Amino acid sequence: MYDYDLLVVGSANADLVIGVERRPGAGETVLGSDLAVHPGGKGANQAVAAARLGARTALLARVGDDDYGRLLLHSQRTAGVDTVGVLVGGAPTGVALITVDPSGDNSIVVSPGANGRLAPGDVRAAASLFHASRVVSTQLEIPLETVVEVVRSLAPDSRFVLNPSPPRPLPREVLAACDPLIVNEHEAKVILGDACVSERPEDWAALLLAKGPRSVVVTLGAEGALVASAATGVTRVPSVKVDAVDTTGAGDAFTAALAWRLGTGESLAGAAAYAARVGAAAVTKAGAQASYPTAAEAGALEAKAPEGGALEGGALEGGALEGGAL
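So, how was this worked out
- Residues numbered from 1 in each chain as written.
- Predicted model: local features only at pLDDT ≥ 70, side-chain atom pairs only at ≥ 80, totals over all residues.
- Heavy atoms only, no water.
- Pairing = 2+ DSSP bridges.
- Helix = DSSP H or I, 4+ residues; strand = E, 2+ residues; numbered from the N terminus.
- Axes fitted to C-alpha atoms, helices over the stretch in contact; angles between N-to-C directions.
- Left-handed = near helix turned anticlockwise from the far one by under 90°.
- Contact = heavy atoms within 4.5 Å.
- Nonpolar A, V, L, I, M, F, W, Y, C, P; charged D, E, K, R; others polar.
- Expected span 1.5 Å × (residues − 1).
- Buried < 20%, exposed > 50% of the residue type's maximum accessible area, 1.4 Å probe, protein only.
- Disulfide = S-S within 2.5 Å.
- Salt bridge = Lys/Arg side-chain N within 4 Å of Asp/Glu carboxyl O.
- Phe/Tyr/Trp six-rings, centres within 6.5 Å; stacked < 30°, edge-to-face > 60°.
- Lys NZ or Arg CZ within 6 Å of the ring centre and 35° of its normal.

This part takes up the pairing of strand β7 (residues 106-111). Sheet topology places strand β6 (residues 94-100) next to β7; six bridges connect them, and they run antiparallel. Opposite Thr99, over in β7, you have Ser107 as the bridge partner. Taking the residues that link successive antiparallel strands as the turn, the β6-β7 hairpin has five residues, and the phi of Gly104 there is positive, at about 100°.

Dropping the structure here:
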């Protein structure tokens, strides 16, 4: 019996958000809205998203002993996340500087802060969390050596989900553990490198599978997504049409929902379809964690899911919605 449906290992940032009419060019200054500060970071976002859906969730992360760190801890606990694995101190809390334009698209610069100090030793010290978790999810806003240690710390029957954002080449040991590896077009091309010899997403999925993951999810903008494994082949997953307000953190909601549903025994295609609805719901509200839906809110979008729809004006970073769709 697992104590947790999902253990998220990853970053925790304060999101400093400013709305702009357009992004500045080099050397240019533009005026924006009042500064808004929200709890964020890909790891913290995933944990809150899963908990709000009803998953028993724990977070392993590091924050500073400062106001931003206290903001992040409060947000996790309010959502119902177990913060026993959140370490405090050693560096200032990470910060993400985010600009959001009128269409809802965002640009992000991250100062890692304490996230860069989440070390392999911290993972080893949290062995009890890994053995108590059905699914473990992580990203690449923490040191790669720490992600490698996560893979080495997995319980024999647990499942590992990776969204390689920001993307970089991955060791075979990490790729071999992914079930699935979740990438958008940009991330797929970075990971494939010179092996990316095709513009067909189906070929990307096949080439990524050849690198070792047990399964792959490739998100395709207005075309929805592809899910692929050696056992089931390639399946298309449609998106859901909504009016986007702010896409910040929507990809993290997608990944969290997918990871949780896989842990319940749902198929990869079914879990991805559910995750698309969660991501769609998230882009209809401002902010990252504040936008994440409950299971009832995500379920309300199920009736709107078309055979091949698109999310208007929304973008799932690293999990998928770019330029207006999944």
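Now that the structure has been shown, we can carry on.
What follows concerns the packing of helix α9 (residues 250-263) against helix α10 (residues 268-282). Two elements in contact, α9 and α10, have axes whose closest approach is 8 Å; the angle formed by their N-to-C orientations is 145°. The handedness of the crossing between α9 and α10 comes out as right-handed. Residues Ala250, Ala253, Phe254, Ala257, Leu258, Trp260, Arg261 and Leu262 of α9 touch α10, and the partners they reach there are Leu268, Ala271, Ala272, Tyr274, Ala275, Ala276, Val278, Gly279 and Ala282. By residue class, the composition of the contact of α9 with α10 is 15 nonpolar, one polar and one charged.

The next thing to look at is α9. Between the first and last C-alpha of α9 there are 20 Å, a value that for 14 residues agrees with the 20 Å anticipated at 1.5 Å per step. With 13 of 14 residues buried, α9 lies mostly within the body of the structure. Just downstream of α9 lies Gly265, where phi reads positive at about 100°.

We now examine the sheet that holds strand β3 (residues 36-40). Read across the sheet, four strands follow the order β3-β2-β6-β7 without closing on themselves; strand pairing throughout is mixed. The sheet is open, and its two edges are formed by β3 and β7, each paired on a single side. Neighbour-to-neighbour, the strand axes of this sheet turn through a mean angle of 25°, independent of strand direction. Relative to the sheet, helix α2 (residues 67-79) contacts β2 (13-19), β3 and β6, its axis offset from that of β3 by approximately 60°.

Within the secondary structure layout, Val8 lies in strand β1 (residues 4-9). Along the sequence, Val8 and Ala58 sit 50 residues apart, while their C-alpha atoms lie 6.3 Å from each other. Each residue touching Val8, except ones within four places of it in the same chain, is listed here: Gly43, Gln46, Ala47, Thr57, Ala58, Leu59, Leu60, Ser137 and Gln139.

Moving on: the state of the cysteines. Under the criterion given, the structure shown has zero disulfides. In this model Cys178 remains outside any disulfide bridge; the closest cysteine sulfur is found in Cys196, 18 Å from its own.

If you trace the backbone, Ala14 turns up in strand β2. Relative accessible area serves as the criterion here: at 0%, Ala14 is assigned to the buried category. Excluding residues within four positions of it along the chain, Ala14 makes contact with His38, Tyr68, Leu72, Thr93, Gly94, Val95 and Ala96.

Moving on, we get to the pattern of salt bridges. Inspection of the entire model under this criterion finds 17 salt bridges. Between Lys42 and Asp252 there is a salt bridge, and its shortest N-O distance comes to 2.8 Å. One end of the pair, Lys42, is in helix α1 (residues 42-53); the other, Asp252, is in helix α9, and 210 residues separate them in sequence. You'll find Lys42 and Asp252 in the same group, each marked buried. A salt bridge links Arg62 to Asp122; the shortest N-O distance between them is 3.2 Å. Here Asp122 lies in helix α3 (residues 120-125) and Arg62 lies in strand β4 (residues 57-63), a separation of 60 residues in the sequence. Across this residue pair, the class does not change: Arg62 and Asp122 are buried.

What follows deals with the sheet that holds strand β5 (residues 82-88). Read from one edge of the open sheet, nine strands run β5-β4-β1-β8-β9-β10-β11-β12-β13, paired in mixed fashion. Two strands lie at the open edges of the sheet, namely β5 and β13 (233-237), each paired on one side alone. Across the sheet, the mean angle separating the axes of adjacent strands is 15° when strand polarity is ignored. Across two bridges, strand β9 (residues 159-162) lies against strand β10 (residues 178-183) in parallel orientation. Bridge pairing links Phe160 to Cys178 in β10. Helix-sheet contacts for α2 involve β4 and β5, and the interaxial angle to β5 is about 170°. With respect to the sheet, helix α8 (residues 201-210) is in contact with β10, β11 (215-219), β12 (225-229) and β13, its orientation differing from that of β11 by roughly 150°.

Moving on, we come to the packing of aromatic side chains. In the structure shown here, the tally under the stated rule is one aromatic pair. Residues Trp260 and Tyr274 carry aromatic rings whose centres are separated by 6.2 Å and whose planes lie at 65° to one another, so their mutual orientation is edge-to-face. Taken together, the positions of Trp260 in helix α9 and Tyr274 in helix α10 put the pair 14 residues apart, joining distant regions of the chain. There is no split in this pair, since Trp260 and Tyr274 are both buried. In this arrangement the basic side chain of Arg261 is found over the ring face of Tyr274, its NZ or CZ atom lying 3.9 Å from the centre.

Another point: the side chain of Asp122. Residue class for Asp122 comes out buried when judged on its relative accessible area of 16%. When near neighbours in sequence (up to four residues on either side) are disregarded, Asp122 contacts Leu60, Arg62, Leu87 and Arg117.

Such coordinate-based values are descriptive only and should not be taken to indicate function.
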